[in-house]
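# Residue-level structural notes
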Amino acid sequence: MKREVRVRFAPSPTGPLHIGGVRTALYNYLFARRHGGKMILRIEDTDSQRFVPGAEEYIIESLKWCGIEIDEGVGVGGPHEPYRQSERREIYLKYAKQLVEAGWAYYAFDTPEELDTLRKEAEEAGKTFAYNYEVRHKLPTSLSLTAEEVEARIARGDQWVVRFKMPENEGVKMDDLIRGHVEVNTSTLDDKVLYKSADALPTYHLANIVDDHLMEVSHVIRGEEWLPSLPLHYLLYRAFGWTDTQPEFAHLPLLLKPTGSGKLSKRDGDKMGFPVFPLFWTSPTGETARGYREDGYLPEAFINMLSLLGWNPGNDEEIFSMQELIDLFSLDRVSKSGARFQPDKAKWFNAQYMHKLSDEELAPIAQPIYKAHGVATTDELAGKAAGIMKERMTLTTDIWELTSFFFVAPTEYEEKLTKKQWKGDNPAMLAKLRGLLEGIDDFSKENTEAVVRAWIEAEGYALGQVMNTLRLALVGAGKGPGMFDVTEFIGKDECLKRIDNLIANVTPAE
Ligand code: GLU
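Structural notes, computed from the coordinates. A quick note: this is a predicted structure, and the numbers were derived from the prediction, not measured. (Residues numbered from 1 in each chain as written. Predicted model: local features only at pLDDT ≥ 70, side-chain atom pairs only at ≥ 80, totals over all residues. Heavy atoms only, no water.)

### Focus: the overall build of the chain
When helices and strands are tallied, the chain shows 19 helices and 15 strands. Since a compact globule built from 510 residues should have a radius of gyration of about 24 Å, the 32 Å found for the chain marks it as more spread out than a globular shape. The dimensions of the chain, computed from C-alpha atoms along their principal axes, are 110 × 50 × 40 Å. Burial status across the chain gives 51% buried among its 510 residues. Taking as baseline every contact in the chain between residues at least 6 positions apart, the subset at least 24 positions apart corresponds to 72%. Carbon and sulfur atoms make up 50% of the accessible area of the chain, which totals about 24,000 Å². Charge-centre separation for the chain: the mean point of 61 positive side chains lies 3 Å from the mean point of 79 negative side chains. (Helix = DSSP H or I, 4+ residues; strand = E, 2+ residues; numbered from the N terminus. Rg over C-alpha atoms; globule rule 2.2 N^0.38 Å. Buried < 20%, exposed > 50% of the residue type's maximum accessible area, 1.4 Å probe, protein only. Contact = heavy atoms within 4.5 Å. Areas by Shrake-Rupley, 256 points an atom, 1.4 Å probe, with all protein chains shown as cover. Lys, Arg positive; Asp, Glu negative; His and termini not counted. Charge placed at Lys NZ, Arg CZ, Asp CG, Glu CD.)

### Quick notes on the environment of Pro53
Considering the arrangement of structural elements, one finds Pro53 in the loop between β2 (38-41) and α2 (55-66). Taking the C-alpha atoms as reference, Pro53 lies 17 Å from Phe277; in sequence the two are 224 residues apart. Setting aside chain neighbours within four positions, we find Pro53 in contact with Trp281 and Pro284.

### What to know about helix α9 (residues 299-307)
By the criterion of burial, α9 is predominantly enclosed, with 8 of the 9 residues buried. When α9 is considered as a whole, its buried residues turn out to be Pro299, Ala301, Phe302, Ile303, Asn304, Met305, Leu306 and Ser307. Considering only its buried residues, α9 is in contact with α1 (19-34), α2, β12 (255-256), α10 (322-328) and α11 (343-356).

### Side note on the packing of aromatic side chains
This structure, assessed with the given rule, holds 23 aromatic pairs. Centroid distance Tyr204 to Trp226: 4.3 Å. Interplanar angle 40°. Geometry classified as tilted. Highlighted residues: Tyr204 in helix α6 (residues 204-214) and Trp226 in the loop between β10 (219-223) and α7 (230-240), separated in sequence by 22 residues. A residue is classified by how much of its surface remains accessible, and Tyr204, at 17% relative accessible area, is buried. For the ring pair Phe240 and Trp242, a centre distance of 4.2 Å and an interplane angle of 15° mean the geometry is stacked. Of the residues examined, Trp242 reaches a relative accessible area of 9% and is grouped as buried. The structure contains a cluster of three or more aromatic residues connected by ring pairs, namely Tyr370, Trp400, Phe405, Phe406, Phe407 and Phe489. One Lys or Arg, Lys345, reaches over the ring of Trp348 and ends 4.5 Å from the middle of that ring. (Phe/Tyr/Trp six-rings, centres within 6.5 Å; stacked < 30°, edge-to-face > 60°. Lys NZ or Arg CZ within 6 Å of the ring centre and 35° of its normal.)

### Quick look at the packing of helix α18 (residues 463-474) against helix α19 (residues 483-505)
Taken N-terminus to C-terminus, the directions of α18 and α19 make an angle of 75°; their axes are 8 Å apart at the nearest point. In this view, α18 runs roughly perpendicular relative to α19, as classed from their interaxial angle. Listed contacts from α19 to Met467, Thr469, Leu470, Arg471, Leu472, Ala473 and Leu474 of α18 are Met483, Phe484, Val486, Thr487, Ile490, Cys495, Arg498, Ile499 and Leu502. (Axes fitted to C-alpha atoms, helices over the stretch in contact; angles between N-to-C directions. Parallel < 35°, antiparallel > 145°, perpendicular 65-115°, else oblique.)

### Focus: the site of the ligand
The local shell around the ligand consists of Arg8, Ala10, Ser12, Glu44, Tyr204, Asn208, Arg222 and Trp226. Between the ligand and Glu44 there is a distance of 2.6 Å, counted from a nitrogen atom to a side-chain nitrogen or oxygen. In the environment of the ligand, an oxygen atom lies 3.2 Å from a nitrogen or oxygen atom belonging to the side chain of Trp226. When isolated, the ligand has an accessible area of 290 Å², and the protein chains bury 84% of it. (Near = heavy atom within 4 Å. Polar contact = N/O pair within 3.5 Å; in protein donor to acceptor, adjacent residues only side chain to side chain.)

### As for helix α17 (residues 445-459)
Think of an α-helix as turning once every 3.6 residues; residues three or four places apart then point the same way. Taking 1.5 Å as the rise per residue, α17 with 15 residues should run 21 Å; its terminal C-alpha atoms sit 21 Å apart, in good agreement. Taken residue by residue, α17 has Thr448, Val452, Trp455 and Ile456 as its buried positions. Here the buried residues of α17 occupy an arc of 100° about the axis, which is enough to place them on one side. What points out from α17, more than 90 degrees from its buried face, is the exposed set Glu446, Glu457 and Ala458. (Expected span 1.5 Å × (residues − 1). Arc of directions from axis to C-beta.)

### A short note on the side chain of Ser62
Here Ser62 lies in helix α2. Assessed through its relative accessible area of 1%, Ser62 is described here as buried. Setting aside its immediate chain neighbours within four residues, Ser62 contacts Leu17, Pro278 and Leu279.

### Regarding the environment of Lys423
Along the polypeptide, Lys423 turns up in the loop between α15 (415-421) and α16 (426-438). In this structure Lys423 comes out as partly exposed when scored by relative accessible area, which is 36%. When the C-alpha atoms of Lys423 and Thr507 are compared, they prove to be 8.8 Å apart, with 84 residues separating the residues in sequence.

In C-alpha cells, the structure reads:
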C-alpha cells in the first residue's frame, strides 16, 4: 500500500523565521498538497538556552501571511498532540533509556573540566578533539564504570547525559531525494548527546527522530545544514528498529548572498537594503529587523519569488499562483547547488503582481495606507485611485507617494514646474480655463477632455502649455496620470478650488 504523505515543518523558536526557513516550509507545503498529504507544524523548542519569546507566534503569523496552511500541529491540533516538543518531554526519556539498554547509547558523567583535560591532550598531540570511540572509555561513562557505580551516581543526583555510541569505521549508506546516494564513514562522526539530565530534555537529534516516527512522517524536507546529521539519523532509525517506516529525506540547497558566495544573512540585507525575514520583527530586547510584509510586498509575489529559489518548473515561465505551484511541484527539479538571492528580482515579482491587481483587490491594500495618512475615503475610491497609478508601482508602499494628490490638494508647488509654467500668459489662460470647467456639467473624463481640447484648439494654445499649468494647479508637481483622470476623480468643485488656490497663493514669475 502506498504510504500517506506526511511532512512537517519543524522550526526552532530561536528568533524570526529567515526566508530560507519560509522556503523550507513552502516546499513542504507544496509537496504535501501535490500528493494529497498532510502538512504538520512542530515546534522544536528543546534548547532552552536558545528559546526566544515571541518567535513561535512570529513563525505562525508568517506562515499565515504566506498562505502556507497547516493541517496538523501547533495552533491547529491533531491526532499526535502535543506538537510543541517542550510539552512532550515525558516521552523522550523512555527512548533514551531504550537505546542505552540496547547498547546503542550510554550514560556519560564527565564534567567540563575532565573534557577540557582530554581536549588539551589532543591539541598537544596535534589532533582535533572528538568525543568518540577513542575517548568514551577514558571518561566516566556507563561503558567504563560498573553498573553499580552508574546507578549510584544517578541515584545521588550527579548530572548525566546520554550519548549515542557511534559505531567505529562503518560506512553508512544513505539516500537523499535531491542529492542521490551519499555515504559517510562513522569514524568521522562523534558521539552526539541525545538527552540531558540537567534540564530533563532531549537534544534535537533524539526528539526529532522520535517525533518523526511517532507522527508518522513520510518525508523529511529540510535545509542542507542538516545533511551532516543524516548519518546519525539513519543510525538512530536502525537503533530503534524503525527502518521499515523511516522517512525519505530531501535536503534543500542553501539560499546564497546576492554576490553568490556564502549563506544569505541578515547582515547582507542590512547592507544592501532588503529584508531577509517575512515580517517585521522586534526582539525581546528591542532589536528590530525589517520584513517583506511591512516593506510593501504582496504575499503572493513573495511566495512566487521564493518558490523559484532552488526549484524550477521545467520551462521559462516565472509567474505562478500557489495552486499552479502545487500542480507543478516536484522534488526532482530542486537543484543541488545553492540559489542566489536577487533583491531586484524580488521587486520585479512584486511589480508584476501589483500591476495585475483589480481595483477591488487594491482597495483593502490602499485603505489602511490612506487611513494612516488621515484620508477617509470609500473602498471604491481607494481602489480606483490606486488602480489608476498601479502600473507605476513596485511596492504597496508606493501607493501614497503616487496617489496622495487624489485626496489632498497641493499646499506646496514643485519649484521647477512653477518657474516654468507659472509665468507669462499662463495665469490668465488658467483663469479662463477655470471658467470653461465651471460650465461643464458632465465631468466624466471623456467629456471634459473633448471640451477642453476643442477649447485649446479654438483659443490657439499649445496643448502642453495648458496641461502642464493645469497639472501644477491640481497636482502641484510634474507627476501623476493623465490630467483628465485627475479632473474626473477629484470632481469639479475640487478642481476649481485647486485652481483658485494656485492663483491666490502663488505670485507668477515676472
Ligand atoms: N528544528 C530544526 C530547525 O530548526 C529542524 C530540522 C529538521 O527539519 O529536521 O531547523
